[in-house]
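Structure at a glance
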Amino acid sequence: MSAKNNKKIIIVVIVIIIIAIIGLVVFLLNNMLNKHELDEYGEELGYDIPVGNLDAEVIDSKAQKRNLSSEIKAINGTYKEAKAWLKVPGTTIDTPIFQSTDNVRYYRNDRDNKKTKWGEAYLDYRCELSDIGNMANIILYGHNTETDTHFTPLLDYKRQEFYKKHKYIELATEKETYKFEVFSVYVTDTSFFYIDTNFNNISEYASFIKSIKNKSRYDTTVAVDTKDTILTLSTCDYSIKDGRFVVHAKLVK
């Protein structure tokens, strides 16, 4: 075999080795990027990290001897568009809810109408809280700041163990404080219309309930039917394009 042929063989072998090394590096990188880390309960976290103190004491407003209806009434005395108070016991979500004639006013503006990146938590303009027991879908929006503020703590519901300790959410109007039980949590994008408020008949509402319950990351075993009023909490999820993280709860009657 000539020296020229030997040189060609050596070059081919080197190229093959380089390709193999590149392939191995790509494989390892993909493995690292797609690795699902587990929390202390064995739940898959993916890229999500805990928000705030997961072991914070879960205390409702009654145990705190607070009257959320009085609190929102006091705020409404100054800010007429303050319509409700939202509290998720065991988290930092404990805030007044505003509502305007559209879903833009509080998106990037605070209650004083000053520009701010995170705005205020707000109620969908199509919802009316005067008769909660006979409503279908009450929708609240809040920003994901990626810190323990606004609606970011909702992301902890990705962990089933967190859900087990935080099953109930409070929503108060000036008249009454209502209790809601979480039944579905999931990541989606804006192509899934979970913010529907217009149901022409019971059949449409039943189909909607089935669709949002089936999307849940885990089975909460909570029964929901067309007689139930649903509370929907929505925030951004940056793990996918146009991502949203959604928590649905039903009114406890």
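All values reported here derive from a predicted model rather than from experimental measurement. (Residues numbered from 1 in each chain as written. Predicted model: local features only at pLDDT ≥ 70, side-chain atom pairs only at ≥ 80, totals over all residues. Heavy atoms only, no water.)

**Quick look at the overall build of the chain**
Worth spelling out the cut-off: A run of H or I in DSSP counts as a helix once it spans at least four residues, and a run of E counts as a strand once it spans at least two, with each numbered from the N terminus. Burial classes follow relative accessibility: with a 1.4 Å probe on protein chains only, a residue under 20% of its type's maximum area counts as buried, one over 50% as exposed, and anything between as partly exposed. Contacts were defined at the residue level, with two residues in contact if any of their heavy atoms lie within 4.5 Å. Areas reported here follow the Shrake-Rupley algorithm with a probe of radius 1.4 Å; residue values treat only the protein chains shown as occluding.
Of the regular secondary structure elements, the chain holds four helices and 10 strands. Tracing the chain from N to C terminus, the helices and strands come up as α-β-β-α-β-β-β-β-α-β-β-α-β-β. With 253 residues in all, the chain has 42% of them scored as buried. Intrachain contacts of the chain at a sequence separation of at least 6 include 61% that bridge at least 24 residues. Surface exposure of the chain reaches about 14300 Å², of which carbon and sulfur atoms provide 54%.

**Examining helix α4 (residues 202-214)**
Our working rule: What a helix should span is 1.5 Å times the count of its residues minus one. Starting at the helix axis, one direction is taken to each C-beta atom, and the arc is that of these directions. Pairs of N or O atoms are called polar contacts if they sit within 3.5 Å, as long as, within protein, a hydrogen donor faces a hydrogen acceptor (for residues adjacent in sequence, only side-chain-to-side-chain pairs).
Spanning 13 residues, α4 covers 18 Å between terminal C-alpha atoms, matching the ideal 18 Å at 1.5 Å per step. Turning to α4, its buried residues number three or more, namely Y205, F208, I209 and I212. For α4, the angular spread of buried residues about the axis comes to 100°, placing them on one side. What points out from α4, more than 90 degrees from its buried face, is the exposed set S203, K210 and N214. For α4, the N-terminal cap is N201; the gap from its side-chain oxygen to the backbone nitrogen of S203 is 3.2 Å.

**With respect to the packing of aromatic side chains**
Which entries qualify depends on this criterion: Only centres within 6.5 Å qualify two rings of Phe, Tyr or Trp (six-membered ring in Trp) as a pair; their planes then separate them into stacked at under 30 degrees, edge-to-face at over 60, and tilted for everything else. A ring is scored as having a charge over it whenever the NZ atom of a lysine or the CZ atom of an arginine sits within 6 Å of its centre and within 35 degrees of its normal.
For the coordinates displayed, the defined rule picks out eight aromatic pairs. A connected cluster of aromatic rings, assembled from ring pairs, spans Y79, F98 and Y106. Stacked on the ring of F192, the Lys or Arg K215 has its end atom at 4.6 Å from the ring centre.

**Some remarks on unusual backbone geometry**
Even without a glycine there, the phi angle at K65 is positive, about 60°. Locating K65 in the fold gives a position in the loop between β2 (44-46) and α2 (68-76). One non-glycine residue, E146, lies in the positive phi region at around 65°. As for its placement among the helices and strands, E146 is situated in the loop between β6 (137-141) and α3 (160-165). Exposure remark for E146: the relative accessible area of 63% places this residue in the exposed category.

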